[in-house]
Amino acid sequence: MKSNITLIILFLFILSCNNNDDPIDEIEQESETEIEIRDSIYPGFNMYFLKDNSITAQDLYETDLNLLELESRPFVSQEMIEFYDVSAHVIQLTESIDIPEMVSVSGKPFIVLTDSSRHYFGALWPMFSSGNFEGTIIDVAPRFYPNDIVKISLHRSYSGNDNRMNDTIEKFLSDAEILHRGISCEIDSVVILENDSVNNKCKLRYTYTISNNDEDNLYIFDPLKMGDKVFHYFHIGVYLRSEFEIYQSSSDSKAPDSGIDVLSFLTILESGKSMTRSVEKSGYPFIPRGNFKCNFTFSSPYISPYTVAKSKRNQTDGRVWIGKISAADSIIIR
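Every chain begins its residue count from 1, and numbering advances along the sequence as written. Local features in this predicted model are restricted to residues whose pLDDT is 70 or higher, and side-chain atom pairs enter the listing and the counts only when it is 80 or higher, whereas totals over whole chains, interfaces and linings include all residues. As a convention, hydrogens and water are excluded, and side-chain values are obtained from all of the structure's heavy atoms.

Engineer: What's the story with the packing of aromatic side chains in this structure? I'm lost.
Structural biologist: A ring pair, where both rings are aromatic, is described by two values, the distance of the centres and the angle of the planes. The pairing test for Phe, Tyr and Trp rings, Trp by its six-membered ring, is centres within 6.5 Å, and the orientation test on the planes gives stacked under 30 degrees, edge-to-face over 60, and tilted for anything in between. Per the stated rule, a full pass over the model turns up 18 aromatic pairs. Here the aromatic rings of Tyr-208 and Phe-231 are separated by 6.0 Å at their centres, their planes lie at 10°, and the arrangement is stacked. Linking Tyr-208 in strand β12 (residues 201-212) with Phe-231 in helix α5 (residues 228-234), this pair joins segments that are 23 residues apart in sequence. Of the two residues examined, Tyr-208 and Phe-231, each falls in the buried class. Through pairs of rings, three or more aromatic residues link up here, namely Tyr-206, Tyr-208, Phe-231, Phe-296, Phe-298 and Trp-321. Each helix corresponds to a stretch of at least 4 residues labelled H or I by DSSP, and each strand to a stretch of at least 2 residues labelled E; elements are numbered beginning at the N terminus. Throughout this description, buried means an accessible area under 20% of the type-specific maximum (1.4 Å probe, protein chains only), exposed means over 50%, and partly exposed covers the range between.

So, in structure tokens, the structure goes:
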């Protein structure tokens, strides 16, 4: 009888040792789970595609971003970023990456994170798509930038707040020493030189100022080195918008001479300095008197074959600025 009682006690003891409620087992299981979760998150600033390829960017308007399942690896990770230029929202990478060219006309979504925090969504957006998208995009089909450059833009129809940068993202980039300020652009003046209502044509001169807000000296386009017509091969020029009309020029530009090195068109702008230039452009329709909104987009070399190879972007006294930025102002035509 005593031996049977002993066996029962021993059995109960063994059973209690194997019970899942054992505190030691709980600690070990929780540790394993924490390690698994931590290992699935890439630290810092990262950009992910969604695991479910059937989801389009349009579907995300009414979706909780935290419920979306991401691919296991980011297509842009902080460890591959040389720097993030906040003036043009251009990310220069240490190496080229494969970004899908042909995507749905509704876009291929991506999510931007810092550690495990999800900040905003955007989409690879085909430039041939006529659809509207109230959000952030990376242009594809075609991509104008090399595969080691990722430019995050706002869709042309977007009229909301720019969510591409916030205090958290900026701090992560700054702490990692990959944040750069780039340049800013201002329109100083627009002057009508010729305005012919009979032949419906107009020529004007506009003046703009570029300021280098970066810690680096930057190489930028200089119309004094390339001439106004070649400058407008890379820039659409200033355009004016009234309440009812848009006035812009689609002519008076010239392609660079064959075989020319685009670096010869660039001037170095030292850190903290500004450069003011005036350029003339014809090909506008007659512009009546009135109040206008004025816009101008300044760019870097991006039209093939006049791009700058990665090996040439860093010069001994500065680097080539890459991207596009816009300036806006109000003017009165009298």
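Engineer: Can you walk me through the sheet that holds strand β3 (residues 81-85) in this structure?
Structural biologist: Only strands that DSSP links by at least two bridges are regarded as paired with each other. As summarised here, the arrangement of the four strands in space is β8-β4-β3-β10, forming an open sheet in which the pairing is mixed. The sheet is open, and its two edges are formed by β8 (149-151) and β10 (179-180), each paired on a single side. Across four bridges, the pairing between β3 and strand β4 (residues 90-93) is antiparallel. Across the sheet, Phe-83 pairs through a bridge with Gln-92, a residue of β4.

Engineer: In this structure, what is going on with the side chain of Arg-277? I would like to understand it.
Structural biologist: Along the chain, Arg-277 turns up in strand β17 (residues 274-284). In this view, Arg-277 contacts Tyr-206, Thr-207, Tyr-208, Asp-222, Pro-223 and Leu-224; residues no more than four positions away in its chain are not counted. Any two residues whose heavy atoms approach within 4.5 Å are treated as being in contact.

Engineer: Is there a simple way to explain the sheet that holds β17 in this structure?
Structural biologist: Strands pair in a sheet through their backbones, by hydrogen bonds, and they do so in one of two ways: parallel or antiparallel. With antiparallel pairing, the three strands of this open sheet are ordered in space as β11-β12-β17. Strand pairing shows two members of the sheet lacking a second neighbour, β11 (183-196) and β17, which therefore form its edges. Averaged over all adjacent pairs, the angle separating strand axes in this sheet is 20°, with direction ignored. One ladder, built from nine bridges, connects β12 with β17; its direction is antiparallel. In the strand pairing of β17, Ser-211 is matched with Ser-274. Here the axes come from fitting lines to C-alpha atoms, over the contacting stretch only for helices, and the angles between their N-to-C directions go from 0 to 180 degrees.

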